[in-house]
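For reference, the chains in residue letters:
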Amino acid sequence: MKTINIAIDGPSGAGKSSISKAVAKDLGFIHVDTGAMYRAIGLYAIRNGCLEEEQITKQISEIEIELKFIGGVQRVFLCGEDVSDYIRSPEVSMAASRVSAVPAVRKHLLDLQKKIASENNIIMDGRDIGTVVLPHADLKIFLTASAEERASRRYLELREKPGCPEYEEILEDIKKRDYQDMHRDIAPLCQAEDAVLVDSSAMGFHEVVEHITALIKEKLD
Ligand code: DC
């Protein structure tokens, strides 16, 4: 059976995951958040003190990553443990960005990502989905927003929580991760030639969801 594959790439904090999740729900597709897989490996590297390329490369065959879709919602398992609730901290974000530059880590996840896409109608979000993982996707979208807008959205999300970082700190963090993700040697973040650019800097959440849903429906009609 030919499955429908939609690729959504873009920088950190552009809203890829929440938007992909809403669009997938509307269309009855599965949303695959590939960042969560890199985050789970980042968590493993923190827990086991193997953030250096050489160390993580040696251990990669021990790192078992599995995705399960429970009620349509993705949960990520690291060596059998559901770690979905432990992978969203700034520390894990940085570790994920770091380990994602390691070729053995990317190779480890590539086959799993391709397999999921070959078995399901999916919206897969990440950094290299349109360029490397699904070069023949039915539709590719590059979703972005200015670094300032992304930092301000993240700040509004976090400001009620204890220990919320200052806006400037969040902005610095976003710029640092953008740099790391765009300048690594392997599968760097970049817009695929045939991707549709969606700049959400001046758009609300629902507007972006409607716009992307319309792009997909138009493509599939
Ligand atoms: O989308 P995210 O912020 O949850 O991703 C966490 C990190 O994982 C991000 O800094 C870059 C990396 N990543 C990647 O290299 N390739 C992907 N397809 C998805 C994420």
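Everything below is about the structure printed above this text.
Predicted, not measured: the structure shown is a model, and the values here were computed from it. Residue positions are given per chain, counting from 1 as you read along its sequence in written order. Thresholds applied to this predicted model are a pLDDT of at least 70 for local features of residues and 80 or more for the giving and counting of side-chain atom pairs; totals over whole chains, interfaces and linings are not thresholded and use all residues. Side-chain metrics in this entry use all non-hydrogen atoms of the structure; hydrogen atoms and water are not considered.

**Comments concerning the nonpolar core**
The line we're drawing: The nonpolar core is taken to be a set of buried Ala, Val, Leu, Ile, Met, Phe, Trp, Tyr and Cys residues, with the residues joined through side-chain atoms within 4.5 Å. Accessible area is worked out with a 1.4 Å probe on protein chains only. A residue is then buried under 20% of its type maximum, exposed over 50%, and partly exposed in between. Put simply, DSSP marks the helices as runs of H or I at least four residues long and the strands as runs of E at least two long, and each gets a number from the N terminus on. Working rule for contacts: check all heavy atoms of both residues, and any pair within 4.5 Å makes them a contact.
Counting residues in hydrophobic clusters, the biggest one holds 34 residues, and the most contacted among them are I41, I56 and I65. Counting residues per element, the ones that place at least two in this core are α2 (34–47), β3 (65–70), β4 (73–78), α4 (90–99), α5 (103–119), β6 (122–126) and α6 (129–133). Per-element tally for this core: the top contributor is α2, with eight residues. Excluding anything up to four places from it in sequence, I65 contacts M37, A40, I41, V76, F77, L78, L109 and L112.

**What to know about the side chain of S200**
One can find S200 in the loop between β8 (196–199) and α9 (205–220). Owing to a relative accessible area of 1%, S200 belongs among the buried residues under this scheme. When neighbours within four sequence positions are excluded, S200 is seen to be in contact with A14, L143, T144, A145, R153 and V208.

**A word on α5**
Here is the rule: The span you would expect from a helix comes to 1.5 Å times its residue count less one.
Helix length check: α5, at 17 residues, gives a terminal C-alpha distance of 25 Å against a target of 24 Å (1.5 Å per residue), a fit within 8%. For α5, the complete set of buried residues consists of V105, R106, L109, Q113, I116 and A117.

**Concerning the pairing of β3**
The side chains of a regular strand alternate, first on one face of the sheet and then on the other. Using the following cut-off: Two strands qualify as a pair provided that DSSP identifies no fewer than 2 bridges between them.
Of the strand pairs in this sheet, β3 and β4 are connected by six bridges, and their pairing is antiparallel. When the sheet's bridge partners are listed, E66 is paired in β4 with F77. Connecting the antiparallel pair β3 and β4 is a turn made up of two residues, with G71 showing a positive phi of about 60°.

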